[in-house]
Amino acid sequence: MAEKTWVRMVTAQTPTNIAVIKYWGKRDETLILPVNDSISVTLDPAHLCTTTTVAVSPSFDQDRMWLNGKEISLSGGRYQNCLREIRARACEVEDKEKGIKIAKKDWEKLHLHVASYNNFPTAAGLASSAAGFACLVFALAKLMNAKEDNSELSAIARQGSGSACRSLFGGFVKWIMGKAEDGSDSLAVQLVDEKHWDELVIIIAVVSSRQKETSSTTGMRDSVETSLLLQHRAKEVVPKRIKQMEEAIKNRDFGSFAQLTCADSNQFHAVCLDTSPPIFYMNDTSHRIISCVEKWNCSAGTPQVAYTFDAGPNAVLIAHNRKAATQLMQKLLFCFPPSSDADLNSYVIGDNSILKDAGIEDIKDVEALPPPPEIKDAQRCKGDVSYFICTKPGRGPAFLSDESQALLHPETGLPK
Ligand code: DP6
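As named in an unreviewed UniProt entry, the protein chain is Diphosphomevalonate decarboxylase, taken from Populus alba x Populus x berolinensis. For the record of the protein chain, the UniProt heading Sequence similarities (unreviewed entry) holds the text "Belongs to the diphosphomevalonate decarboxylase family."

**Some details on the sheet that holds strand S2 (residues 17-21)**
Spatial strand order, S2-S5-S12-S13: four strands in an open sheet with antiparallel pairing. Of all the strands in the sheet, the pair left with one neighbour each is S2 and strand S13 (187-192). Each strand of the sheet is rotated relative to its neighbour by a mean of 35°, with strand direction disregarded. Bridge analysis of S2 against strand S5 (residues 38-42) gives four bridges, and the strand direction is antiparallel.

**Description of the pattern of salt bridges**
This model, assessed by the stated rule, comprises 18 salt bridges. In this structure, Asp 44 and Lys 392 form a salt bridge, with 2.8 Å as the shortest nitrogen-oxygen distance. Here the residue Asp 44 occupies a position in the loop between S5 and strand S6 (49-57), and Lys 392 occupies one in the loop between strand S18 (385-391) and strand S19 (398-399), the gap between them amounting to 348 residues. Residue classification places Asp 44 among the buried positions, given a relative accessible area of 10%.

**Topic: the site of the ligand**
Neighbouring the ligand are 17 residues, the closest being Tyr 23, Lys 26, Arg 78, Ser 161 and Ser 163. One of the side-chain nitrogen or oxygen atoms of Tyr 23 is found 2.6 Å away from an oxygen atom of the ligand. Here an oxygen atom of the ligand and a backbone polar atom of Gly 162 are 2.8 Å apart. When isolated, the ligand has an accessible area of 450 Å², and the protein chains bury 94% of it. A total of three residues in the shell around the ligand trace back to one element, the largest contributor, which is helix H4 (residues 216-226). Counted by class, the shell around the ligand contains seven nonpolar, five polar and five charged residues.

**Let's talk about the pairing of strand S12 (residues 172-176)**
Both faces of the sheet carry side chains from a regular strand, because those side chains alternate between them. Across the five residues that make up S12, a large majority, four, are buried. Relative to S12, S5 runs antiparallel, the two being bridged by four bridges. Bridge pairing in S12 links Ile 39 to Lys 174. As judged from the five bridges shared by S12 and S13, these two strands associate in the antiparallel manner. Looking at S13, one finds that Trp 175 is bridged to Ala 188.

Calculation notes
- Residues numbered from 1 in each chain as written.
- Predicted model: local features only at pLDDT ≥ 70, side-chain atom pairs only at ≥ 80, totals over all residues.
- Heavy atoms only, no water.
- UniProt positions renumbered as here; feature names shortened; annotations may be inferred.
- Pairing = 2+ DSSP bridges.
- Helix = DSSP H or I, 4+ residues; strand = E, 2+ residues; numbered from the N terminus.
- Axes fitted to C-alpha atoms, helices over the stretch in contact; angles between N-to-C directions.
- Salt bridge = Lys/Arg side-chain N within 4 Å of Asp/Glu carboxyl O.
- Buried < 20%, exposed > 50% of the residue type's maximum accessible area, 1.4 Å probe, protein only.
- Near = heavy atom within 4 Å.
- Polar contact = N/O pair within 3.5 Å; in protein donor to acceptor, adjacent residues only side chain to side chain.
- Areas by Shrake-Rupley, 256 points an atom, 1.4 Å probe, with all protein chains shown as cover.
- Nonpolar A, V, L, I, M, F, W, Y, C, P; charged D, E, K, R; others polar.

Structure (structure tokens):
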């Protein structure tokens with residue numbers, strides 16, 4: 001039974017993304033078809049990404065998956081839909097060196113092992129399912145020698161989680177809602193790559209939260225059923241905003257970009273409030289961050305920073321350039337300082353070289369920061385922010401060819 005011994009593996013890394021024009025509401029729950037187009041920016045995978053290894057072997061007796069080292073069930077409809085769609089596109093694979101030959105029809109019988117790992121805490125609520133499903137589909141397509149391009153693959157990832165379709169590209173990405181009933185034209189396209197607007201700096205405030213949030217899936221179902229504002233938004237507001245946002249991105253027009261991004265985040269949260277029962281994703285800390293940015297943008301005369309919030313209290317702040325990001329960091333650290341015994345390097349993570357630009361080397365420098373002049377009676381609230389992640393727009397998915405980076409053992413196909 002020598003032929004039973006081989007294991008074939010592929011490892012890929014896929015970024016997460018944050019929407020600047022939000023997806024909220026489905027017109028088809030199973031196929032995951034949205035009620036409006038959306039636009040996102042892909043975040044640098046160096047700071048936020050999923051790594052996934054997929055393996056196939058005649059010795060595997062069932063499909064299995066491990067997420068962050070723990071085995072999870074693949075029996076859910078969303079996993080099953082992705083696996084079925086990608087298997088249907090599998091082609092012949094031959095690796096003469098290893099003596100592997102898989103015929104097209106063999107893929108139906110062969111079982112898969114999947115191991116996935118997020119380089120950021122899953123509990124932080126930072127769109128881990130988007131990067132996860134995108135990475136699963138991207139890696140399986142390579143393993144199975146599927147011929148589809150990234151847009152076609154995005155339509156499969158979409159069936160795992162809507163926002164996942166936008167993680168198949170870097171830079172700025174548009175998810176076209178499509179018209180077809182079978183969802184074949186509901187897919188992602190790249191608007192511009194990550195080099196087009198590379199002066200943007202992104203700072204994420206991971207906001208401490210005690211409450212368990214309503215999942216996006218449940219929340220948007222309730223909104224579709226009960227919110228009249230959602231109908232108006234999908235029909236009248238978003239189509240215009242999509243056009244304006246595409247223009248703003250193309251022209252690197254930060255003023256328009258920031259105005260549209262903030263307005264769209266606020267309208268998404270207004271739709272949540274218009275849902276019955278109402279959904280509250282933002283908390284007091286989120287509101288304080290909005291107020292801080294709004295006051296600064298107003299006093300500066302032109303927008304310096306855009307904010308956007310997903311289905312949770314974390315703030316994603318997009319600064320016009322490094323200078324604006326440096327000033328933003330100073331203001332944020334004044335308002336939300338770390339606890340006195342905290343290590344600054346674990347409070348500001350990712351590309352924290354911005355701290356140096358801001359003249360902040362240790363906790364004493366944070367304590368000495370002046371209050372932002374535009375905020376009257378600015379308060380300092382320790383403990384309301386868990387940590388900050390400094391990042392930037394980033395590239396799309398990539399393969400990792402170095403076997404040492406694989407998450408599965410090359411001989412057993414089990415987690416390392
Ligand atoms: C607020 O993609 O998580 O982040 O399709 O049900 O899996 P499902 O929902 P999901 O929803 C994301 C909603 C959002 C906005 C966005 O990413 O566009």
